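# Working through the structure, step by step
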Amino acid sequence: MKESVLVKSFDALYAELADRAATRPEGSGTVAALDAGVHHIGKKVIEEAGEVWIAAEHESDEALAGEISQLMYWSAVLMVSRGLTPEDIYRHL
Ligand SMILES: N=c1c2ncn([C@@H]3O[C@H](COP(=O)(O)OP(=O)(O)OP(=O)(O)O)[C@@H](O)[C@H]3O)c2ncn1[C@@H]1O[C@H](COP(=O)(O)O)[C@@H](O)[C@H]1O
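What you are looking at is a predicted structure, and each value in this text was computed from that prediction instead of being measured. (Residues numbered from 1 in each chain as written. Predicted model: local features only at pLDDT ≥ 70, side-chain atom pairs only at ≥ 80, totals over all residues.)

You will see that Arg24, though not glycine, has its phi angle at about 45 degrees, which is positive. Residue placement: Arg24 occurs in the loop between α1 (10-23) and α2 (29-36). The exposed category is assigned to Arg24, around which 12 C-beta atoms lie within 10 Å. (Helix = DSSP H or I, 4+ residues; strand = E, 2+ residues; numbered from the N terminus. Buried ≥ 20, exposed ≤ 12 C-beta atoms within 10 Å, placed from the backbone.)

Dropping the structure here:
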């Protein structure tokens, strides 16, 4: 039987990152990214989107899933940076 794994939803990730922004814990990469600003974060979104494309063409399902998770992370960081919530996004889906 396949072992069940505790998974994190996009909403849970977003809540975690919003909390990082509010509490600014030492050593948080998210806090550093937010301090670097929208230009830096936007470049990471583009970089990860490119890595998703390459993985989709040339890499395993597992590698592709990892790259997509990073794209989701950077999209969430960008949302926090601009003050958008998941609801702001979901109403466009
Ligand atoms: N899910 C993520 C996550 N995904 C990606 N990243 C960061 O995004 C960057 C990816 O950029 P790169 O592609 O340059 O990284 P890389 O090491 O070269 O990896 P590859 O793309 O080559 O595989 C890395 O610096 C990662 O740390 C993430 N950083 C944090 N999180 C989660 O966000 C939460 C808050 O993290 P902190 O703010 O660091 O506490 C925690 O739950 C973390 O697990």
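Further remarks concern the confidence of the model for the chain. Low pLDDT marks regions whose predicted coordinates should not be analysed in detail. For the chain, the mean per-residue pLDDT works out to 96, and 96% of the residues sit at or above 70. Per the prediction output, this complex has pTM 0.92; the corresponding ipTM is 0.88. (pLDDT = per-residue confidence, 0-100.)

The environment of the ligand is formed by Glu16, Arg20, Ser28, Gly29, Thr30, Glu51, Gln70 and Tyr73. Taken together, the elements giving at least two residues each to the shell around the ligand come down to α1, α2 and α4 (61-82). The residue inventory of the shell around the ligand, partitioned by class, reads one nonpolar, four polar and three charged. (Near = placed C-beta within 6 Å. Nonpolar A, V, L, I, M, F, W, Y, C, P; charged D, E, K, R; others polar.)

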